[in-house]
Structure formats: C-alpha cells, structure tokens
Amino acid sequence: MAVFGTGAATTSYDEFEDTDVIICWGSNTMESHPIIYNHMRRGVKNGAKMVVVDPRKIDQTKKADKWLPVRVGTDIALANALANVIIEEELYDREFVERATEHFEEFREKVAGYTPEYAEEVTGVPADDIREVARMYATAEKATLNWTLGITEHHNGLDAVFALINLGLLTGHVGKYGSGLNPLRGQNNGQGGGDMGALPNRLVGGWTWDDPKARELFESVWGTPLPEKAGKNQAELLDAMEAKEVRAMYVIGENPCQSDADENHSSKLFGELDFLVVQDLFLTKTGRMADVVLPAAASWAESEGTFTNGERRVQRVRTVIDPPGEARSDDMILQDVANRMGAGWSYEKAEDIWNELRLLAPNFAGISYQHLDTYGGIQWPCLDGSIEEMDDNTPKEQLAADAQDSEGGTMPTAILEKGQVGTRFMHAQLWAAEVEKRAPFHPVDHEGPVEMPDEEYPYQLTTGRRLAFYNTGTMTQNYKKVKDDEELLEISAEDAGSLGIEDGDPVRVSSRRGEVSVKARVTDKVSHGLVFLTFHFPETAPVNQLTINAVDPRSGTAELKACAVKVEALA
C-alpha cells in the first residue's frame, strides 16, 4: 500500500500463461495455491522460465529452471544482491525509473554493498546463481514476481516485501500485461476481507481511515461519525489483552488460539478475557473457550454474497442448501447483534449491503450483481460511471470506455463483444508519458531472524503447508483417506544420522516456549540445520506452541517462519 496505494496483486492469473519469467519467492505455490500453480504450469509449458526461491527443496523445484535455496530470513539480502547486479550491469529500465519512480539514488546507494559474493555468505545462494537470475529477470520482456507467507511472516516482513517491489520498479516489470508483483492470497476470500475494510487502519474499498474525503463520504452514507483513531492489528490486540486494556473480544471465522505464534501464551490471554464471542462454522479451540458461540452458515453454498479472489475478481456466491440447525449467514447475525445495540440496520439481502459498498468504494462502483451475473466475475477497479475495457487498450482508452451504471444501462459494443469488464492488470498509469504519482523505492537492509540456533537449540524450524491440508486443520484434519494424515518433522539425513534417528521414528521437538512429539521424515527437502513442520494438526501436534511471537510492528505479523528448536529421539 505504501508504494501503489493498494496491496492487491497487480496481474491476472491468465497472465502467468503468457509471460517469460515466473519467480515464486517464499511460496510453495504448487501445494499452497494449486489453482494459481496450474496457470503457472501452463506458462512453463508455453516457454516461461520458472525460478523458485525457497529454503526447502519443495516439489515445485523439479519444474523450475533455477532454485535459489535461500536461508530462512535472508530474503532481503538476496533481493538487494539481485538489484546490485541489475544496476551494476546497467540492466535496469532507466527510462521507466526516471519517469515513474522516486528515491532511486537512495536505493542505488543502499544496495551497492550487497554484492553477490556478500549475499552468498549471508544467504547461502551461490553468487553465480544470483547473477544468472538477476539477468534473467531484468532482460525478460515480461516477468512476474510472486510471494506469500515465506516473505511476510517475519519480524521484518514488510521490509522484505519492499525489497521485492524494488526489483519490480527497477526493471519496469509492473503496470503492463504479463509483468507484475503479486502477493498470492492464502485464503479464498483473503483479498475480499481486506477490500471490505477488515484492517484496523482501512475503510471499505481501501480508503485510509483518516482520509478527510472518505470520512465525509462514510459519515454521510452511514449517518454516524467515524472513530477518531485507527484500530489495533492482531499483535496489538494481544498486547492490549495482556495489559488488561481489552477485556472482551468478538472473533469471526478465525481460530487464533491455534493459529497465532506462541500458542500457549495466546491461549492464556484468551482464557483471561471477561467475555469472548466466537462466530464460526466449526467449534474450534477458540470456540470451545467462548462464553457465547454463534453458529454461522458456510460462506459457500449456504450464504448469498461475493468473494474476491487473489486476482481482484469479484464473484457471486449463492445459497444452494439451507444451513443446518440454528446456523445463519454472517451478515444477518451481525445485523441482529448491531440492532440489539440500537443500530437500526435494515438490510433485507446481501445485495443491499453490496450496493451500499458501491456508494462508498469507487473501485467497486461499476460492479452490480447484474453485471456479475452477466460476466461471471469482474476484476476491480471497475469505476463509477465507466466500465474499463482491459484488453489491448491504453489507460486513456480504457477510461474512455463510457458506460452507464448498473441496472439496465448500456455498455460499449467493444466491451460486449470481448465479454470482459473490469481491470486485468493494475498501475498502467506508470507507463503514461507523464506520471502524476510516482512509485517510491524503499531502501531496506538485511536483518536476520530474531531467534537464531544456538548450542541449546541448534536447529532452525520453519513452518508451512501441505497440499492435502489447510491452516489449523479445522476443515481438513478429519479426512477419511489421505496420505500422511499426521504431522511429520522433515529433517535432513545428516542431522537425523547425528541424532540416531531413522525415518518414521518418534521425536520430540522443543523450543523455549513449548514442545511437540511427532514422527521424523528423513528427506533431502531440508538442508543441514533446518527442520520443517506444518500447523495442520494442532490437536495432536500443536506446532505453534514452538513458534515465537516476534512481531513486525507495522504489519502485526508474527515471525512464524523462523525459531530455534532442539530435536531429540524418543525411545
């Protein structure tokens, strides 16, 4: 948001099929984002080169032209080294940098010391491989750079994101078809949640909470004054709970007692609340601690509304079956709670809420239910008073695609013929002859994980997902038939041998915060000194009892990807 005004992915999924280079950084896309990976796989089949940047030798590396086995928590050093090569070899897009960016000289000065040789010492990635990938990315006509939690779940995750965005700005791989910067969303409506204002410093549609124009608009439509200060992110809420400043909490569709870092600590905080309400589809561990549980309908098949996926595509969801028992849709539960407190809301259906949102958020103003039904999904922005044509038009031509709003209105013939509305790729304005708002470089420095291995805890633990399971296992841990339906510790043959551990042996994994017992999986996927666990089986292997609650103060994200542990064989 600090660079482009929005944190959304800049490209569409089908652009992965028509690009020259696909970099997946801190993203096990094949297992964690299989639908997106299918598009990438087609792109590779069409001739694109794939680069995987990951500490583990994940299966996706088999399809990659290059695998950079970066050490956990050293991504900034690697990104800065790539930039160093691109600048030193004059491979950067000088014209784009001069016209569309700012703070380049500060950035150039920052990365000057990050030579490939220095980065090799820090990251473990060979200097020659750094040079090869830098040249590959910089000289490609079209390239996408994609990342997920392997970048963001660090105490300096925001800086790591800046480091990757810097590479896109340096090479001009943003704001045009086939080139972009994409945070891949880990949940089906993760983008939609942010779009609807489920962030402590944002309003519906991405407005900052203190924007004077936004405040005037929202207070006019809602008929009530907005709060005078921003809310707290998740980490700040936990701090406020510990300080006894927050004494009650309403949790919707989240299981923080098992998904947060340092699970023992977070569970203790939730247990000390005066009042806890949980609204969820399943009775999670957090739900079992609640004073009141409000049974929610499934967002898919049992509710009406919209989802917004990772390419900014808004899609309808419809009620196919009635929810069981007393379960009700989230929006109607919230309306009843609000009205018990005197709000006076009167939404009759989900479409009423959506139409109110269109009044508040210009990016969604042109997206009516009628248009969603016609086109099967529309990518925002789709502006009030116009529907942007997004095929081969310049930004001016897109905005000139005049259309009347909403129900019964007319649309340009070209749009009707091409059958697509909305915006395929973002930030095309950066390629205008005169750029009104330039994108800033953010120079950042490498800083390793907060907790490094030592004599007592000699291994570095990193966490992630497996293909068949999801998050804390609420929806997936009770599969009847699935391969490896239990937690397994990935450990290298070298480390297993030194500990007298064989594949399948029971082991205890301990950190300064807790311990779990699992079976060992001896594998070449992890290198010496690195071990890997997922968080899919918290009832039998509560892995987040091991992780450290070292938080990035700006994003509120904990360092779930790095902590020190010891491994012991169990008799």
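Just so you know, these numbers come straight off a predicted model, no measurement behind them. (Residues numbered from 1 in each chain as written. Predicted model: local features only at pLDDT ≥ 70, side-chain atom pairs only at ≥ 80, totals over all residues. Heavy atoms only, no water.)

### Here we look at the pattern of salt bridges
- Throughout the structure, instances matching the rule amount to 37 salt bridges.
- Note that Glu-117 and Arg-131 form a salt bridge whose closest N and O atoms lie 2.9 Å from each other. In this pair, Glu-117 sits in helix 6 (residues 116-123) while Arg-131 sits in helix 7 (residues 127-139), placing the two residues 14 residues apart along the sequence.
- Salt bridges linked by common partners bring Glu-304, Arg-316, Arg-318 and Asp-373 together as one network. (Salt bridge = Lys/Arg side-chain N within 4 Å of Asp/Glu carboxyl O. Helix = DSSP H or I, 4+ residues; strand = E, 2+ residues; numbered from the N terminus.)

### A look at the side chain of Gln-279
- Mapped onto the elements, Gln-279 comes out in strand 8 (residues 275-280).
- A polar contact is formed between the side chain of Gln-279 and the side chain of Asp-330, at a distance of 2.7 Å.
- For Gln-279, the residues in contact, after removing those within four places along its chain, are Tyr-250, Val-251, Ile-252, Gly-253, Leu-294, Ala-296, Asp-330, Ile-333 and Leu-334. (Polar contact = N/O pair within 3.5 Å; in protein donor to acceptor, adjacent residues only side chain to side chain. Contact = heavy atoms within 4.5 Å.)

### A word on the sheet that holds strand 11 (residues 313-317)
- Spatially, 10-11-12 is the arrangement adopted by the three strands of the open sheet, whose pairing is antiparallel. The open sheet terminates on both sides in strands that have one partner only, identified here as strand 10 (305-308) and strand 12 (378-379).
- As defined by bridge partners, strand 10 adjoins strand 11 across four bridges and the pair is classed as antiparallel. Each residue of the ladder has a partner; that of Thr-308, found in strand 11, is Val-314. (Pairing = 2+ DSSP bridges.)

### What to know about the nonpolar core
- Judged by nonpolar contacts, the single largest core of 54 residues is most densely connected at Phe-4, Trp-25, Leu-167 and Leu-170.
- Elements that contribute at least two residues to this core include exactly strand 1 (21-25), strand 2 (49-53), helix 3 (75-88), helix 4 (94-100), helix 5 (104-111), helix 7, strand 5 (143-147) and helix 9 (157-171).
- The contact partners of Leu-170, leaving out residues within four places of it in the chain, are Ala-83, Ile-86, Ile-87, Tyr-92, Asp-93, Val-97, Phe-104, Phe-107 and Phe-441.
- If you look at the next biggest cluster of nonpolar residues, it comprises 23 residues, including Ala-8, Ala-361, Ile-367 and Cys-382. (Core = buried A, V, L, I, M, F, W, Y, C linked by side-chain atoms within 4.5 Å. Buried < 20%, exposed > 50% of the residue type's maximum accessible area, 1.4 Å probe, protein only.)

### Here we look at a negative patch on the surface
- Together, Glu-236, Asp-239, Glu-242 and Glu-245 make up a region of like negative charge exposed at the surface.
- Among the secondary structure elements, Glu-245 is positioned in the loop between helix 12 (234-242) and strand 7 (248-252). (Patch = residues over 30% accessible without salt bridge, like charges linked within 9 Å, V, L, I, M, F, W, Y side chains within 5 Å. Areas by Shrake-Rupley, 256 points an atom, 1.4 Å probe, with all protein chains shown as cover. Lys, Arg positive; Asp, Glu negative; His and termini not counted. Charge placed at Lys NZ, Arg CZ, Asp CG, Glu CD.)

### Considering the state of the cysteines
- As enumerated under the stated definition, the model contains zero disulfides in all.
- No disulfide involves Cys-563; its nearest neighbouring cysteine sulfur is the one of Cys-257, lying 19 Å away. (Disulfide = S-S within 2.5 Å.)

### A closer look at the confidence of the model for the protein chain
- Mean pLDDT over the protein chain stands at 90; residues scoring 70 or higher make up 93%.
- Low pLDDT, under 50, characterises residues 385-419; the predicted model gives this stretch 70 contacts beyond four residues in sequence or across chains. (pLDDT = per-residue confidence, 0-100.)

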